[in-house]
Structures are given as C-alpha cells and as structure tokens.
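Tertiary structure, described
For reference, the chains in residue letters:
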Amino acid sequence: MDRVSRGGVVLLAAVSAALLAGCGSDSTNDDGRALPELGPVVAAAPVSGPPLTDAAVLGRQLLGPEDLPQGMEQVPQSNLDSTGAQSRTNPAECAQVLRPLARQRPDALTRNAVGFNGPNFSSIDIDAATFSNDTLAGAFEAVQQTLRKCRSYSETDADDAVVEYRLGGLAQPVAGDASTSFQLRLTSEGFTLVSLVTVVQVGNTLTQVSVTAPESVDPGVLTDLTAAQVRSLKGVAGP
C-alpha cells in the first residue's frame, strides 16, 4: 500500500513502534464515543477547459516543507511509491479509505503526492489527481460514497496485528471549488492515532490533505494547510 495511505501499513508500523517505546499509555486510549455523522455528499463544481496532464507540473503545485509547521521533514519520493507489506481489510472495500485518489480512481489522468513526518508519529500527507471534465464529478462522489460504507472497519497486517478504525464527520470551512472533510481514528493495543482529512476540488484536480498525530489533531492545522494548498493550485500567492 502507498506511503500516503493512512489506512494501511505505515500506521500499523507507527503503532508497533509506539508500543515498543512504551507510548501506549492510558492517555492515548480511544474513549469509544460516537464520532459525528458525515454530512451530505458534496457535488463537484462544474469544470471546463483542458485538464492538467503533466505530473511534474502537478507536483510543483503541491505544498513543500516551507509551507508546513516546523519540525516536519519531507519523505523521499521513493518511500511514497513503495507498496509495503500486504494487509487484509474487513470489509475489503474499506482499504480504499485514504489511499491516494488516483489509486482509488484509475481513470485519473495524472497524479502526484508529497509526504512529511514530524515528531511523535505525526505526519502530513497530500496527494492530488486530475480528471477529465466528464469524470471528475463521478470521482469526487465515489470517494465520498466509500467513506459512508466504512464508518467502522479493521485491518490485519502480515504479522496478524489488528488495527480498528472508526470514521466520522469533521467540520471544516468550505475550500476550493468544492470540499468535504472527515476524521479517522485508528486504535491498536490501547494506542490511538487520529487523522483529519479534507478532499478538495480545484478545477479538474482533486487533492486529499491529511494531518495525523497521536490522540488528537488541531482542526485549525488542517484548515490552514488546505487553504494554502488551494492557493497553490490556483497559482495565487498568500501567507
């Protein structure tokens, strides 16, 4: 599974490392409270004009280290492209959650991604994919429909370590031409990681911005990163 997929091998490895380091304290336990409901499926905005088809150009529009909070280090591109160990997801279709958009939708015209690691198992992952005028709306809807089928699921890695996932809604400002947000809580052996995620449309491009950390994430960090990513995709300078 891809490095930028927060629903896979990388998070399993992070949980295992934290347990070995003695980080699985009671303070990181998932309290089990119900997460907010997902809102209505958001429709994509109409698009016109030629879509971007150059992966290198798309990559230059993604955020870099200078755009991120201090302490985040960029992951080598070779790590982003690695598939990692095989894992089993139940239900199987929930393996799509937080996979790069182009992996979820093979009709993407081009794709690119960046990843950053920070202290205490925190990370920021951004992946983008462009679509033709007649497939973008279907791609945006399909991603959201997957989320609605995967409010609760589990994943087992090659060593039979089990991770439980809970998915819920997340309030975020509307961004780009259209956007939707959600949260994902991952728990294994008393250790919890939380991902806050926005999928945003800018023209023919869908971008997934994910911020992950143990126990909790400041929603304002996701808001700021998403706004910065939208400005970059639009070619607009901003703070």
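Below you will find a few notes about this structure.

What counts, and where the lines are drawn
Residues numbered from 1 in each chain as written. Predicted model: local features only at pLDDT ≥ 70, side-chain atom pairs only at ≥ 80, totals over all residues. Heavy atoms only, no water. Helix = DSSP H or I, 4+ residues; strand = E, 2+ residues; numbered from the N terminus. Buried < 20%, exposed > 50% of the residue type's maximum accessible area, 1.4 Å probe, protein only. Contact = heavy atoms within 4.5 Å. Areas by Shrake-Rupley, 256 points an atom, 1.4 Å probe, with all protein chains shown as cover. Phe/Tyr/Trp six-rings, centres within 6.5 Å; stacked < 30°, edge-to-face > 60°. Expected span 1.5 Å × (residues − 1). Arc of directions from axis to C-beta. Pairing = 2+ DSSP bridges. Disulfide = S-S within 2.5 Å. Polar contact = N/O pair within 3.5 Å; in protein donor to acceptor, adjacent residues only side chain to side chain. Salt bridge = Lys/Arg side-chain N within 4 Å of Asp/Glu carboxyl O.

Summing up its helical and strand segments, the protein has 6 helices and 9 strands in all. Looking at the 239 residues of the protein, the share that counts as buried comes to 49%. Contacts spanning at least 24 positions in sequence make up 69% of the contacts within the protein whose residues lie at least 6 apart. For the protein, the computed accessible surface area is about 10,600 Å², with 51% contributed by carbon and sulfur atoms.

Here we take up the packing of aromatic side chains. Tallying each qualifying case throughout the model produces 2 aromatic pairs. Centroid distance Phe-121 to Phe-191: 6.2 Å. Interplanar angle 75 degrees. Geometry classified as edge-to-face. Taken as a pair, Phe-121 in the loop between β3 (110-117) and β4 (123-130) and Phe-191 in strand β8 (residues 191-202) lie far apart in primary sequence, 70 residues in all. Since its relative accessible area comes to 2%, Phe-191 is described here as buried. On the basis of an interplanar angle of 5 degrees and a centroid distance of 4.6 Å, the ring pair of Tyr-153 and Tyr-165 is categorised as stacked. Of this pair, Tyr-153 sits in strand β5 (residues 152-156) while Tyr-165 sits in strand β6 (residues 162-169), and the two are 12 residues apart along the sequence. Both residues of the pair, Tyr-153 and Tyr-165, belong to the buried class.

This part takes up helix α5 (residues 136-148). The terminal C-alpha atoms of α5 lie 19 Å apart, and with 13 residues this matches the ideal 18 Å at 1.5 Å per residue to within 8%. Of the residues making up α5, those classed as buried are Leu-136, Ala-139, Phe-140, Val-143, Gln-144, Thr-146 and Leu-147. Seen end-on, α5 carries its buried residues on one side only, within an arc spanning 155 degrees.

On the basis of which strands lie adjacent, the open sheet formed by 9 strands has the order β1-β3-β4-β9-β8-β7-β6-β5-β2 and antiparallel pairing. Each edge of the sheet is formed by a strand with only one pairing partner; in this case those strands are β1 (73-74) and β2 (88-90). Bridge count for β3 against β4 is 8 bridges, and the pairing is antiparallel. When the sheet's bridge partners are listed, Asn-117 is paired in β4 with Ser-123.

Counted by the stated rule, this structure contains 1 disulfide. Each sulfur of the disulfide joining Cys-94 and Cys-150 lies 2.1 Å from the other. Handedness here is read from the sign of the S-S torsion; for Cys-94 and Cys-150, about -95 degrees, the answer is left-handed. Of this pair, Cys-94 sits in the loop between β2 and α4 (101-104) while Cys-150 sits in the loop between α5 and β5, placing them 56 residues apart in sequence. On the basis of relative accessibility, which here comes to 1%, the residue Cys-94 falls in the buried class. With relative accessibility at 0%, the residue Cys-150 sits in the buried group.

Moving on to the side chain of Asn-204. Secondary-structure assignment places Asn-204 in the loop between β8 and β9 (205-214). When its relative accessible area of 9% is taken as the criterion, Asn-204 is described as buried. Of the polar contacts made by the side chain of Asn-204, one reaches the side chain of Asn-133; its length is 2.7 Å. The contacts of Asn-204, once residues within four sequence positions are left out, are Val-47, Ser-48, Gly-49, Pro-51, Ala-129, Thr-130, Phe-131, Ser-132, Asn-133 and Leu-136.

A word on the pattern of salt bridges. Opposite charge on two side chains permits pairing when their charged atoms draw close. The tally for this structure, following the rule as stated, stands at 4 salt bridges. Where Arg-88 meets Asp-160, a salt bridge forms, and the shortest distance between an N and an O atom there is 3.2 Å. Placement of Arg-88 in strand β2 and of Asp-160 in the loop between β5 and β6 is noted, with a sequence separation of 72 residues between them. Note that Asp-107 is salt-bridged to Arg-105, the shortest N-O span being 3.1 Å. Given a relative accessible area of 28%, Asp-107 falls into the partly exposed group.

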